[in-house]
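Spelled out, the chains give:
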Amino acid sequence: MTLEIPRIISVDDHVVEPPDLWTSRLPAKYKDRGPRVVRDKAKFNFIGGVFSYERGVEDGEWCDWWLYDDLVYPFPKLSAAVGFDTLDVTPVTFDDIRPGAWIQSERLKDMDANHVDASLCFPNILPRFCGQAFYEREDKELALLCVQAYNDWMIDEWCAGDGKGRLLPMTIIPLWDADLAAAEVRRCAAKGSFAVAFSENPVPLGLPSVHSKDRFWDPFFRACEETNTIVCMHIGSSSKMPSTSPDAPFIVSSVLTFQNAMGSMVDYIFSGVFDRFPKLKIAYAEGQVGWMPYVMERADKLWEERDDNAFGSSLTQKPSSYIKDRIYGCIFDDEIGLRNRDVIGIDQICFEVDYPHADSTFPNTHKVALDIATKAGLTQAECDKLFRTNAIKAFGLDRFGITK
């Protein structure tokens, strides 16, 4: 039997923030301090796994630079890689990149050509994957306005008009204050957004962990549970990627990226967050799922052997029981994970296209989907779940008129 790939719902794409996103929304007094784009020459270097750049170099290449208070950040090709014949660390401008990376009408055309029905987009360049750039700036009044401006643009423009029901809003929070974060979750939910980007591990950012004794993040988690907002964590949203040594080539870190999602899942389970908020849902973008069966097995065995709380666990149920309907893994190419779908739970796996990044399956997503589904021996029902209906359930897409 030939499998039929349904119109895909991608739970991990990215949008390049348009140059006027903040300049058109922030108060006039922040004109020279808020996020804005200037064009200047640049020279990029990538040596020993370390990325560096120079601005205003006479023999450099043209680059669009994001400026925001003390932040000076260039536009790298890898942030909008689709459409380029070569992938390297070179500067680009908005004129160079594929229009679908940042123009709504062009994104919808690319989605149609790529067998994609709906898409959730993480932030991309200036905010980074969960709004770290705003947390890192000293002026938190301006930072909060920037967070709110981004969210208003996401809901009212990127996901509105012709994009309504196809481009699905994902917002960010002021990471520095859990009460403000909770208020922003509720504000955005009232405007129609029910997915929020968060850090896979706040500790490398200098923030409390999900284990913190004062339960620092509980106001945020409570707001997400009460509004049925799913917490989405992209690899690298801790601003730290796994590696083995300072001189290891970049490919080592690339192979090990799943470790961020793996550590985060174990943190969430053993922190007791799901006991306190039993309806809370989380999703890991680009984390893949092939590692989950062993981690579940190991966690369950240790929990059973240390039921006296000797290792600091006070869970009332075995760790693996917290996964169903709460923890979603997202894949774009994970044959091992799909072979072990009976252990993980096929209902917990969603699919991602990762447009416009270098790992994106665009423009061949239909072929990629058919290949991995066939190799894994998926049934038609499993195929429908992986590429579409699991996302509808996990992200509550019936609220956008997507029911099947």
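None of these values were measured; they are calculated from a predicted model. (Residues numbered from 1 in each chain as written. Predicted model: local features only at pLDDT ≥ 70, side-chain atom pairs only at ≥ 80, totals over all residues. Heavy atoms only, no water.)

A. Expanded view of the packing of aromatic side chains. Evaluated as defined, the whole model comprises 23 aromatic pairs. Seen from their ring centres, F44 and Y53 are 6.4 Å apart, and the 50 degrees between their planes marks the pair as tilted. Assessed through its relative accessible area of 11%, F44 is described here as buried. Centroid distance W217 to F220: 6.4 Å. Interplanar angle 75 degrees. Geometry classified as edge-to-face. As far as burial versus exposure is concerned, W217 and F220 are alike and both buried. Taken together through their ring pairs, the aromatic side chains of F198, F216, W217, F220, F221, Y268, F274 and F277 make up a single cluster. Directly above the ring of W62 sits K41, whose terminal nitrogen or CZ lies 5.0 Å from the centroid. Over the face of the ring belonging to F84 we find K77, whose NZ or CZ atom lies 4.9 Å from the ring centre. (Phe/Tyr/Trp six-rings, centres within 6.5 Å; stacked < 30°, edge-to-face > 60°. Buried < 20%, exposed > 50% of the residue type's maximum accessible area, 1.4 Å probe, protein only. Lys NZ or Arg CZ within 6 Å of the ring centre and 35° of its normal.)

B. Molecular detail of the sheet that holds strand β8 (residues 195-198). The five strands are arranged β8-β9-β10-β11-β12 in an open sheet whose pairing can be described as parallel. Every interior strand has two partners, whereas the edge strands, β8 and β12 (349-351), have only one. Direction aside, neighbouring strands of the sheet carry axes that sit 30 degrees apart on average. Each of β8 and β9 (230-234) touches helix α5 (residues 218-227); the most contacted strand, β8, lies at about 155 degrees to it. (Pairing = 2+ DSSP bridges. Helix = DSSP H or I, 4+ residues; strand = E, 2+ residues; numbered from the N terminus. Axes fitted to C-alpha atoms, helices over the stretch in contact; angles between N-to-C directions. Contact = heavy atoms within 4.5 Å.)

C. Broad picture of empty space enclosed by the protein. Overall, the coordinates contain four cavities of 30 Å³ or more when judged by the stated rule. Top element by residues in the lining of the largest cavity is helix α1 (residues 104-113). It accounts for three residues. Taken together, the residues of the lining of the largest cavity break down into five nonpolar, one polar and three charged. (1 Å grid on protein atoms, 1.4 Å probe; cavity = no way out; pocket = protein on both sides within 12 Å on 5 of 7 lines; lining within 4 Å. Points joined across faces, edges and corners; volume = space filled by probe spheres on them. Nonpolar A, V, L, I, M, F, W, Y, C, P; charged D, E, K, R; others polar.)

D. Region of interest: helix α12 (residues 365-376). Spanning 12 residues, α12 covers 16 Å between terminal C-alpha atoms, matching the ideal 16 Å at 1.5 Å per step. Residues of α12 that are buried include every one of T365, A369, I372, A373 and A376, and no others. An end-on view of α12 places all buried positions within 100 degrees of arc, on one side of the element. Facing away from the buried side of α12, by more than 90 degrees, are the exposed residues K367 and K375. The inward-facing, buried residues of α12 contact β1 (8-14), α10 (335-339), α11 (341-344), β12 and α13 (380-394). (Expected span 1.5 Å × (residues − 1). Arc of directions from axis to C-beta.)

E. Molecular detail of the side chain of K281. By secondary structure assignment, the location of K281 is in the loop between α8 (273-276) and β10 (282-285). We note that K281 is buried and unpaired, the nearest opposite charge coming from D398 at a distance of 7.7 Å. There is a polar contact of 2.6 Å between the side chain of K281 and the backbone oxygen of A394. Apart from residues lying up to four places away in sequence, K281 is in contact with N228, T229, I230, V231, D325, R326, Y328, K393, A394, F395 and G396. (Lys, Arg positive; Asp, Glu negative; His and termini not counted. Salt bridge = Lys/Arg side-chain N within 4 Å of Asp/Glu carboxyl O. Polar contact = N/O pair within 3.5 Å; in protein donor to acceptor, adjacent residues only side chain to side chain.)

Structural measurements only, silent on function.
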